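Commentary on secondary and tertiary structure
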Amino acid sequence: MSEFSTAQVHAGEARDAAHGARVTPIYLTAGFEFDSFAQAEGRFGGGEAGYTYSRSGNPTTAALERRVAALEGGREAIAVGSGQAALTVALLGLVQAGDHILSAQNVYSGTRGLFENGLRRLGIQLEFVDDPADLAEWRRRIRPNTRVLFGESIANPGTDILDIAGVADVAHEHGIPFVVDNTLATPYLLRPGDFGADIVVHSASKYLGGHGSTLGGVVVDQGSYDWSTSPFAHLTGPDEWLEGASYVQVHGAAAYTAFSRSVVASLFGPVLSPMNAFLIQQGVETLSLRVQRQSDTALAVARWLETQPEITRVDYAGLESHPSHPLAQRYLPRGQGAVLGFRLAGGAAAAERFYDAVDLFSRMTHVGDVRSLILHPASTTHAHLPAEVREETGIGGGLLRLSIGLEDVDDLIADLARGIAAVVAADVTVPDVTVPDVTAPDVTVPDVTVPDAVGAGR
Ligand SMILES: Cc1ncc(COP(=O)(O)O)c(C=O)c1O
């Protein structure tokens, strides 16, 4: 199925032979009954196709897996209970104690937390590339035990665009798989596998589901990496469960997904409920329509924000002023996504006024919803990080992040104008030394002229 919009409503669907239900049914069952002793034995060890228990596979979940794999142009997918679970399964399917992961520094704060608090405790080494746009730095930081290169196609919240083809080349020069979190771009805007990513990860809680009702995550093996010649001994070496054969011998090109499904996802157990798989699949069916509209609105909002004197900088790769704009033109020609950040000259005090003044934007930590959302990262998602790490990753006190939904653009701009008006009314258009900022404003404060009134048209 070649065209995206056709694939998003048809790819991988499970037709219901028994009753003819047109929509993939919700198989809300813990387990599956066996016809006989022989069938039970065959499904567990004998290589017979069929389901056993929903922790290791379920028809509703499998339909979602096939659909997302098709949309990403991948060979196979594993759906799990959240984006964090997807990252965990994707990485623990590859690394073990003593291995090294090299990641872009500008990744989502939860991913950074997983690396630093979760994986590091398991003896996995982590290192961050300070300037993810610098391919020489990626190359320089690879160690003999580096087993994964990792980055986000559109970084959350800075919206820097990853040079996927460039980093993929560096990874492959060293025989290392390249894992990309494609949550903010979605396969509608960008398919990292087309540019050399080997494994693509999603928080399906965001745009794939789209309605903000459900958590989920997906890992897609693009089928580009040759597991048979890889340095991953758990895939190429003898395995007790496989009676001494290796995952590569038994599963061939599916070695990584077979291991990640049966050992990591199934035994660590971050299962996706079939109910949630159904809801995410409902969302996927309108993905292209939502993401196109949300990207178009985000660009209009970003352009408006850029004209506001109280704002020193707008982070949105669709803007010509963003350092990633040339990469956005190459990788994201249809649109640059619907997450953007902007910095108020008045720092944290101004951000607080703005945040409390908006009415239409929901104050919450989430992105990719049909509703527009606003977040103050420095005091919430990034509050636990040391100030120097926040500074390094561009999370100043004046930064607010928006996730643009499906509302009318004029209503959104009118709401943001309410935020600007509150900043102006409180006279926090420049840094206020009496109000402690979460971090010092990270940009030079321009000459600000305070307008008398702020309207949606400005
Ligand atoms: C880029 C990115 N990856 C992963 C996650 C984690 O996803 P979840 O909240 O579904 O666990 C998020 C959540 O915001 C995210 O923005």
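You'll find the structure just up there.
Figured I'd write up the structure that's included with this text. (Residues numbered from 1 in each chain as written. Predicted model: local features only at pLDDT ≥ 70, side-chain atom pairs only at ≥ 80, totals over all residues. Heavy atoms only, no water.)

1. A short note on the pairing of strand 6 (residues 199-203)
Most of strand 6 sits out of view: five of its five residues are buried. Burial along strand 6 is two-sided: Ile199, Val201 and Ser203 and Val200 and His202, pointing in opposite directions, are all buried. The sheet contact formed by strand 5 (residues 178-181) and strand 6 spans three bridges and is parallel. Within the sheet, the bridge partner assigned to Asp181 lies in strand 6 and is Val201. (Buried < 20%, exposed > 50% of the residue type's maximum accessible area, 1.4 Å probe, protein only. Helix = DSSP H or I, 4+ residues; strand = E, 2+ residues; numbered from the N terminus. Pairing = 2+ DSSP bridges.)

2. Overview of the site of the ligand
Every residue close to the ligand is listed here: Ser82, Gly83, Gln84, Tyr108, Glu152, Asn156, Asp181, Thr183, Ser203, Ser205, Lys206 and Gly216. Contact distances for the ligand include 2.9 Å between an oxygen atom and a backbone N or O atom of Gln84. In the model, a nitrogen atom of the ligand is placed 2.7 Å from a nitrogen or oxygen of the Asp181 side chain. When isolated, the ligand has an accessible area of 390 Å², and the protein chains bury 91% of it. A per-class count over the shell around the ligand returns one nonpolar, eight polar and three charged. (Near = heavy atom within 4 Å. Polar contact = N/O pair within 3.5 Å; in protein donor to acceptor, adjacent residues only side chain to side chain. Areas by Shrake-Rupley, 256 points an atom, 1.4 Å probe, with all protein chains shown as cover. Nonpolar A, V, L, I, M, F, W, Y, C, P; charged D, E, K, R; others polar.)

3. Describing the pattern of salt bridges
For the coordinates displayed, the defined rule picks out 21 salt bridges. In this structure, Glu13 engages Arg15 in a salt bridge whose closest nitrogen and oxygen atoms are separated by 3.5 Å. On the basis of relative accessible area, Glu13 is assigned to the partly exposed category, the value being 23%. Residue Arg15 is classed as exposed on the basis of its relative accessible area, which comes to 56%. The salt bridge involving Arg330 is made with Asp163; its shortest N-O contact spans 3.9 Å. With Arg330 in helix 14 (residues 325-331) and Asp163 in the loop between strand 4 (146-152) and helix 7 (164-173), this pair connects stretches of sequence that are 167 residues apart. One continuous salt-bridge network, built from bridges that share partners, spans Glu127, Asp130, Glu137, Arg141 and Arg143. (Salt bridge = Lys/Arg side-chain N within 4 Å of Asp/Glu carboxyl O.)

4. Re the sheet that holds strand 5
Taken in spatial order, the seven strands make up an open sheet running 1-7-6-5-4-2-3, and their pairing is mixed. Each edge of the sheet is formed by a strand with only one pairing partner; in this case those strands are strand 1 (76-80) and strand 3 (125-129). Pairs of neighbouring strands in the sheet enclose a mean axial angle of 20°, with direction left out of account. Direction of pairing for strand 2 (residues 100-104) relative to strand 3: parallel, over a ladder of five bridges. Directly across from Leu102, in strand 3, lies its bridge partner Glu127. Running over the sheet, helix 5 (residues 109-119) touches strand 2, strand 3 and strand 4 and is turned about 150° from strand 3. Each of strand 4 and strand 5 touches helix 7; the most contacted strand, strand 5, lies at about 150° to it. (Axes fitted to C-alpha atoms, helices over the stretch in contact; angles between N-to-C directions. Contact = heavy atoms within 4.5 Å.)

5. Describing the packing of helix 4 (residues 83-92) against helix 11 (residues 255-268)
Contact geometry of helix 4 with helix 11 gives a least axis separation of 9 Å together with a crossing angle of 125°. When the axis of helix 4 is compared with that of helix 11, the two are oblique. For the pair helix 4 and helix 11, the crossing hand works out as right-handed. Residue-level inspection shows Val89, Ala90 and Leu92 of helix 4 in contact with helix 11, the latter providing Tyr256, Phe259, Ser260, Val264, Ala265 and Phe268. (Parallel < 35°, antiparallel > 145°, perpendicular 65-115°, else oblique. Left-handed = near helix turned anticlockwise from the far one by under 90°.)

6. A word on unusual backbone geometry
In terms of backbone geometry, most residues other than glycine have negative phi values and most peptide bonds are trans. Cis geometry marks the peptide bond from Asn156 to Pro157, where omega comes out at 10°. Examined against the element boundaries, Pro157 turns out to sit in the loop between strand 4 and helix 7. Non-glycine residue Glu243 carries a positive phi angle of around 55°. Inspection of the secondary structure assignment puts Glu243 in the loop between helix 9 (233-236) and helix 10 (247-251). Despite not being glycine, Asp427 has its phi angle at roughly 55°, a positive value. Mapping Asp427 onto the fold places it in the segment after helix 17 (409-425). Looking at Asp427, the relative accessible area reads 56%, which means it is exposed.

7. As for the sheet that holds strand 11 (residues 373-375)
As summarised here, the arrangement of the five strands in space is 8-9-12-11-10, forming an open sheet in which the pairing is mixed. On the outer flanks of this sheet lie strand 8 (311-315) and strand 10 (362-363), each paired with one strand and no other. Pairing analysis gives five bridges linking strand 9 (residues 339-344) to strand 12 (residues 399-403), with the strands arranged antiparallel. If you follow Val339 over to strand 12, its bridge partner there is Ser403. The strands that helix 13 (residues 287-306) touches are strand 8, strand 9 and strand 12; relative to strand 9, the one it contacts most, it runs at about 10°.

8. Regarding a nonpolar patch on the surface
On the surface, Ile26, Leu28, Met275 and Leu279 cluster together to form a nonpolar patch covering roughly 310 Å² of accessible area. Note on placement: Ile26 falls in the loop between helix 1 (4-10) and helix 2 (37-44). Take Ile26: its relative accessible area is 31%, and that puts it in the partly exposed class. (Patch = residues over 30% accessible without salt bridge, like charges linked within 9 Å, V, L, I, M, F, W, Y side chains within 5 Å.)

The analysis is restricted to geometry; functional conclusions fall outside its scope.
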